[in-house]
Amino acid sequence: MRTPTQRPGGSADALPPATAARLPGPLALGRSRVGVELRQLFRDREAAVFTLALPMILMIVFGSVFGDQELGPTGITFAQYFVAGMIASGIVYTSFQNLAIGIPQERDEGALKRLEGTPMPKAAYFLGKVGQVCLVYVLQLALLMAIGVALFDVELPSTAAKWGALAWLSLLGLTTWTLLGLAFSSVPKSGKGASAIVTPIILVLQFTSGVFFLYNDLPSWMQQFAALFPLKWLTQGMRYVFLPEEAAVLEVAASFEMPRVALVLVAWTALSAVLAGALFRWRRRGDG
Amino acid sequence: MRGLAKAYGTLRAVDGLDLDVEPGQCVALLGPNGAGKTTTTEILEGYRHRDAGEVRVLGVDPARGDRHWRARIGIVLQQVGDLGELTVRESLRHFAGYYPDPRPVDEVLEQVGLAAKADARGRTLSGGQRRRLDVGLGIVGRPELLFLDEPTTGFDPEARREFWTLVETLKDEGATILLTTHYLEEAEALADRVGVITRGRLVAFDPPGELGGRHTGSARVRWTEDGQPRSEETEEPTALVAALAARFGGEVPNLTVTRPTLEDMYLALVDEPAEPA
């Protein structure tokens, strides 16, 4: 195809510089993407319930059924133990589940192909996802803490160290699970099948990582399996944040092992970055 | 575009295809399913990489097209079902933000006839309205070149006419348009030139009235004589009609002169047996 702007052997620089200068930047477009991502999530009732409301529903149901059981001589109730696990799970829901199910659907609908055909910088798409994940997580965290305090006598973190730990656990947890969500979004063959693959994975990790049961009571092979994945460590870290010091006796090592939690999460962040870079794709297999 | 080729395994989807489109033209690509229309278009759009050949779209190799190049083209894909939860206006406003010099959103809404649906969610639109939104998103960046891939598949005849009017308006504004379609009357109504692709090759590339020698080929003259229908195929229909007029001494009963339709020419081009390898 020829146009008047073509030069012999024409290339991308055959362009008026005025146009070049005015392409909107990735940060401004990333912000615009966050708005679009949030609107699409909250207007899609299924996705909103699945991502935002599920951990709250689980917290209320499980907390009410088993909440009064006291765990050993510590005076800590199962409800309190469970609140910590559900807040850790909330990270997985808002980032990993949200992206690993949502992106295959976007790919099926042609949304990603449409975006690829525009001058949108690809970074803006990822910024939009990160912004959406972070804002939904903060909202969910606030609601889960409010439910925990109001219904299950959970106490908010009492020291600056614990608030600080909540911040870095959230940051590392969201980063790892967001990257894993981007990587895993290439696994399901179709958008429809995505939740059938993603949901069981999350459930297995939750059962083995000490979210629904006392981790200390699980068979040791199960503990060792869960220790390979980041949810176990996030859950343990959240117990440090939300349970009193005495609760450390409920841990396998009789300590919350916070340095080790940090180390494992940093290692997983690095690994998931590699996986996301290697696996994320814009189009379905066989489409270009 | 010169000697474009693309193979999937042993299937040569596009096999040595040449095509030149002049600025401001509307070119329609016709061809049976699997002929290589979409593969060709997607190579031009930068979605697929070619195996061989030379391609320039707006002076740029689409395999290396950057954001500046993307800002100058508009793409209307087949079968897109996204943006269901955003309103028409929100979608247009958002996509306008990707371009350096977008059209005002209200102007696009008017152009694609969705002003009344501006605040409706994407998923509530009818098929025709959705397609208009797709076109709106394709033109919001003021593209110099617009790709329309089977834009009216599944439309009722009225929606199709309205869509054609929209494309005419875009042509009048000077946009270059590359259209793929299954509908011959669509190509005839919109295109300055029609390319027929079959088995990955361009077998004809002519103005719709001249496709495959339609304007010079033989015509069929039909009339009634002695109560019997008669017909004759001739290269010189005027001479035949004059001879008949002389024979009948005036009006020739039931006289018609027909040239092959675009559809006749298209079917003849597509049905030609494969050349021996």
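One can find the structure itself at the top, above this paragraph.
Parameters at a glance
- Each residue is numbered by its place in its chain's sequence as written, counting from 1.
- Following the order in which they are written, the chains are lettered starting with A and the ligands numbered starting with 1.
- Confidence filtering applies because this is a predicted model: local features only for residues at pLDDT of at least 70, side-chain atom pairs given and counted only at 80 or more, and all residues used for totals across whole chains, interfaces and linings.
- Note that the side-chain values use all heavy atoms of the structure and ignore hydrogens as well as water.
- Contacts are assigned to residue pairs that have any heavy atoms within 4.5 Å of one another.
- Summed over both partners, the accessible area (1.4 Å probe) lost when two parts come together is defined as the buried area.
- Salt bridge, as used here, is a side-chain nitrogen of Lys or Arg placed within 4 Å of a carboxyl oxygen of Asp or Glu.
- Whether two aromatic rings pair depends on their centres lying within 6.5 Å, for rings of Phe, Tyr and Trp, where Trp uses its six-membered ring; planes under 30 degrees apart make the pair stacked, over 60 edge-to-face, and the rest tilted.
- Strands are runs of DSSP state E lasting at least two residues, helices are runs of H or I lasting at least four, and both sets are numbered from the N terminus onward.
- Buried residues are those whose accessible area, probed at 1.4 Å on protein chains only, stays under 20% of the maximum for their type, while exposed residues exceed 50% and partly exposed ones sit between those limits.
- Being paired, for any two strands, means DSSP has found at least two bridges between them.
- Note on geometry: axes are C-alpha line fits, over the in-contact stretch for helices, and angles between N-to-C directions span 0 to 180 degrees.

1. Concerning the interface of chain B and chain A
Move 1: Opposite the 45 residues of chain B that make contact, chain A presents 40 residues.
Move 2: Contact between chain B and chain A buries roughly 4,000 Å² in total, counting both sides, with carbon and sulfur atoms accounting for 57%.
Move 3: Three residues stand out in chain B for area buried against chain A, namely Tyr47, Arg67 and Tyr98 of chain B, and they jointly supply 19% of the buried area on that side.
Move 4: The interface formed by chain B and chain A contains five salt bridges.

2. Details of the packing of aromatic side chains
Residue and element names in this part refer to chain A.
Move 1: Under the counting rule described, the total for this entry stands at 18 aromatic pairs over all chains.
Move 2: Ring geometry for Phe78 and Tyr81: centres 6.4 Å apart, planes at 25°, overall stacked. Taken together, the residues span about one helical turn, with Phe78 and Tyr81 both in helix α4 (residues 78–109) at a distance of three residues. This pair shows no difference in class: Phe78 is buried, exactly as Tyr81 is.
Move 3: Each ring, one from Tyr125 and one from Phe126, has its centre 5.5 Å from the other, and the planes form 75°; the classification is edge-to-face.

3. Some points on the pattern of salt bridges
Move 1: Taken as a whole, this structure holds 32 salt bridges over all chains when the rule is applied.
Move 2: Taking the shortest distance from any N to any O, the salt bridge between Arg114 of chain A and Asp82 of chain B comes out at 2.8 Å. Of the two residues, Arg114 of chain A sits in helix α5 (residues 111–116) while Asp82 of chain B sits in the loop between β5 (73–76) and α3 (88–96), which places them in two different chains.
Move 3: For Arg114 of chain A, a relative accessible area of 8% puts it in the buried group.
Move 4: For Asp82 of chain B, a relative accessible area of 3% translates into the label buried.
Move 5: Its salt-bridge partner being Arg121 of chain B, residue Glu85 of chain B comes within 3.5 Å of it at the nearest N-O pair. Of this pair, Glu85 of chain B sits in the loop between β5 and α3 while Arg121 of chain B sits in the loop between α4 (105–111) and α5 (127–139), and the two are 36 residues apart along the sequence.
Move 6: A residue is classified by how much of its surface remains accessible, and Glu85 of chain B, at 14% relative accessible area, is buried.
Move 7: Ionic contacts of the salt-bridge type, sharing partners, join the residues Arg114 of chain A together with Asp82, Arg130, Arg131 and Asp134 of chain B into one network.

4. Structural notes on the pairing of strand β3 (residues 26–30) of chain B
Residues and elements named next belong to chain B.
Move 1: Among the five residues of β3, five are classified as buried, and the element is accordingly described as predominantly covered.
Move 2: The alternating pattern of β3 places Cys26, Ala28 and Leu30 and Val27 and Leu29 on opposite faces, both of which are buried.
Move 3: The pairing of β3 with strand β7 (residues 176–180) spans four bridges and is parallel. By the bridge assignment for β7, Leu29 is matched with Thr180.
Move 4: Pairing between β3 and strand β8 (residues 193–198): four bridges, direction parallel. Bridging across to β8, Ala28 finds its partner in Val194.

5. Focus: the sheet that holds strand β9 (residues 201–206) of chain B
All names here are of chain B.
Move 1: The six strands lie next to each other as β5-β6-β7-β3-β8-β9, forming an open sheet whose pairing is mixed. Each edge of the sheet is formed by a strand with only one pairing partner; in this case those strands are β5 and β9. Mean inter-strand twist for the sheet, computed between neighbouring axes without regard to direction, equals 15°.
Move 2: Those strands touched by α5 are β5 and β6 (145–149), and its axis lies near 165° from that of β5.

6. Focus on unusual backbone geometry
All names here are of chain B.
Move 1: The phi dihedral of Leu83 is positive, around 65°, even though this residue is not glycine.
Move 2: Position of Leu83 relative to the elements: it lies in the loop between β5 and α3.
Move 3: One non-glycine residue with positive phi stands out, namely Asp226, at about 55°.
Move 4: For Asp226, the position within the fold is in the loop between β10 (219–225) and β11 (228–234).

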